[in-house]
Amino acid sequence: MQSRKLTKRVIDGASSEDSPYVIWDTDLPGFGLKVNPTGRKSYLLKYRVGGGRGATIRKPTIGAHGALTLEQARGIARDWMAQIRQGGDPGGERATKRAAPRMDELFDRYLSDHAEPHKKPKSVAHDRRTIDIHLRPVLGKKKVVDLARNDVATLHRRLGATPYQANRTLALLSKAMNLAESWGIRPDGSNPCRYVQKYREEKRERFLSAQELARLGQALAAAESGDVMIERTAMGGAKAYSPILPQAIAAIRLLVFTGARVGEILSLEWVDVNLEAGRLELPDSK
């Protein structure tokens, strides 16, 4: 162990040895310069946390020599010592922050602990796509505790060309951040998605008029009689025509008369059909 007043000349003259060593500054107790066998030099601060047998000695790195000047490193060391005198632990806080989970980990936990146990497979797949396409590439490497409202607002603006997708992405991110609070990863009430204004969405629901329903009925009847065919390309590039499957015609009629979702009709099984009551009894429907 060496102790001497750290100066630029002392630092420049410190040569590497077979093992790391520290030159402790005599002007600022606890402040030192670590010299590695590779020749890399860095500033550090040694201090004690707690008292008695439970005391812990910390030696956090302040920064690399070259990235920081001697005076800059001294200034940071003095600031840290002021925090320590007030009960702070700057080295411990830095270590905790380094170990804090990133957004990538939060997205994985959102899928495994929330979406997969509580949502339908199709919704889980949609969430996974939203995360992989819109969230991970932009936010994945950020610490969960560091995500700020400006990060969220910037992401939302980038998706402004597709308002519906932008709003769904914001909603998913907001849910993930609420879960982060409940899991103790972020402070309560710190969701950065709050107050980020959603885009106005055009209503997507539309009903067929009486004239449109009549034309659809005529088209289905023509398809049923074989007057309407589907054009397809046969081998060799020749044009061929085939009738519309009766199952497809029936499915369209069911969609029109029940208002069910496409997936609900296409996945129907006979166990879902109550012929006696004349109704469909869907096991899981919105």
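Residues numbered from 1 in each chain as written. Predicted model: local features only at pLDDT ≥ 70, side-chain atom pairs only at ≥ 80, totals over all residues. Heavy atoms only, no water.

Right, let's talk about the layout of surface pockets for a bit. The space that makes up the second largest pocket amounts to roughly 270 Å³. Lining the second largest pocket are 10 residues; nearest its centre among them are R206, F207, L208, L255 and G259. For the lining of the second largest pocket, the residue count by class is six nonpolar, one polar and three charged. (1 Å grid on protein atoms, 1.4 Å probe; cavity = no way out; pocket = protein on both sides within 12 Å on 5 of 7 lines; lining within 4 Å. Points joined across faces, edges and corners; volume = space filled by probe spheres on them. Nonpolar A, V, L, I, M, F, W, Y, C, P; charged D, E, K, R; others polar.)

When the terminal C-alpha atoms of helix α8 (residues 210-225) are compared, their 23 Å separation across 16 residues agrees well with the 22 Å that a helix rising 1.5 Å per residue should span. Restricting attention to buried positions, one finds in α8 the residues L220, A222 and A223. Summarising the axial view, the buried residues of α8 lie within an arc of 160°, below the 170-degree limit, and thus occupy one face. Residues of α8 that are exposed and point over 90 degrees away from its buried face: A210, Q211, Q218 and E224. In the core, the buried residues of α8 are packed alongside α9 (246-258). Backbone geometry just downstream of α8 places G226 in the positive-phi region, at approximately 95°. (Helix = DSSP H or I, 4+ residues; strand = E, 2+ residues; numbered from the N terminus. Expected span 1.5 Å × (residues − 1). Buried < 20%, exposed > 50% of the residue type's maximum accessible area, 1.4 Å probe, protein only. Arc of directions from axis to C-beta. Contact = heavy atoms within 4.5 Å.)

This part covers the side chain of H156. With respect to the helices and strands, H156 occurs in helix α6 (residues 149-158). What makes H156 buried here is its relative accessible area of 5%. At 3.1 Å, the side chain of H156 forms a polar contact with the side chain of N167. Residues in contact with H156, not counting those within four places in the same chain, are A166, N167, L170, V196, Q197, K198 and Y199. (Polar contact = N/O pair within 3.5 Å; in protein donor to acceptor, adjacent residues only side chain to side chain.)

Let us now look at the pattern of salt bridges. All chains considered together, the criterion is met by 16 salt bridges. When the shortest N-O distance is used, the salt bridge between K5 and D27 registers 3.8 Å. Taken together, the residues span a long stretch of sequence, with K5 in the loop between β1 (2-4) and α1 (8-13) and D27 in the loop between β2 (21-25) and β3 (31-35) at a distance of 22 residues. A salt bridge links E116 to R128; the nearest nitrogen and oxygen atoms lie 2.9 Å apart. With E116 in helix α4 (residues 103-118) and R128 in helix α5 (residues 121-139), this residue pair connects regions lying 12 residues apart in the sequence. Given a relative accessible area of 43%, E116 falls into the partly exposed group. When its relative accessible area of 34% is taken as the criterion, R128 is described as partly exposed. Look at the salt bridges and you will find they share partners, linking D104, D108, D132, R136 and K141 into a network. (Salt bridge = Lys/Arg side-chain N within 4 Å of Asp/Glu carboxyl O.)

Attention now moves to the nonpolar core. Counting residues in hydrophobic clusters, the biggest one holds 24 residues, and the most contacted among them are M103, L106, Y110, L135, L173 and M177. Mapped by element, the contributors of at least two residues to this core are α4, α5, α6 and α7 (163-182). Per-element tally for this core: the top contributor is α7, with seven residues. Ignoring anything within four residues of it in the chain, the contact list for M177 reads M103, L106, V144, L147, R186, N191, P192 and C193. (Core = buried A, V, L, I, M, F, W, Y, C linked by side-chain atoms within 4.5 Å.)

Another point: the sheet that holds β1. Strand order across the open sheet formed by five strands is β1-β2-β3-β4-β7, with mixed pairing between neighbours. In the strand order of this sheet, the two ends are held by β1 and β7 (61-64), each with one partner. Neighbour to neighbour, the strand axes of the sheet diverge by 25° on average, direction disregarded. The strands touched by helix α2 (residues 70-85) are β2, β3, β4 (41-45) and β7; relative to β4, the strand with the most contacts, the crossing angle is about 20°. (Pairing = 2+ DSSP bridges. Axes fitted to C-alpha atoms, helices over the stretch in contact; angles between N-to-C directions.)

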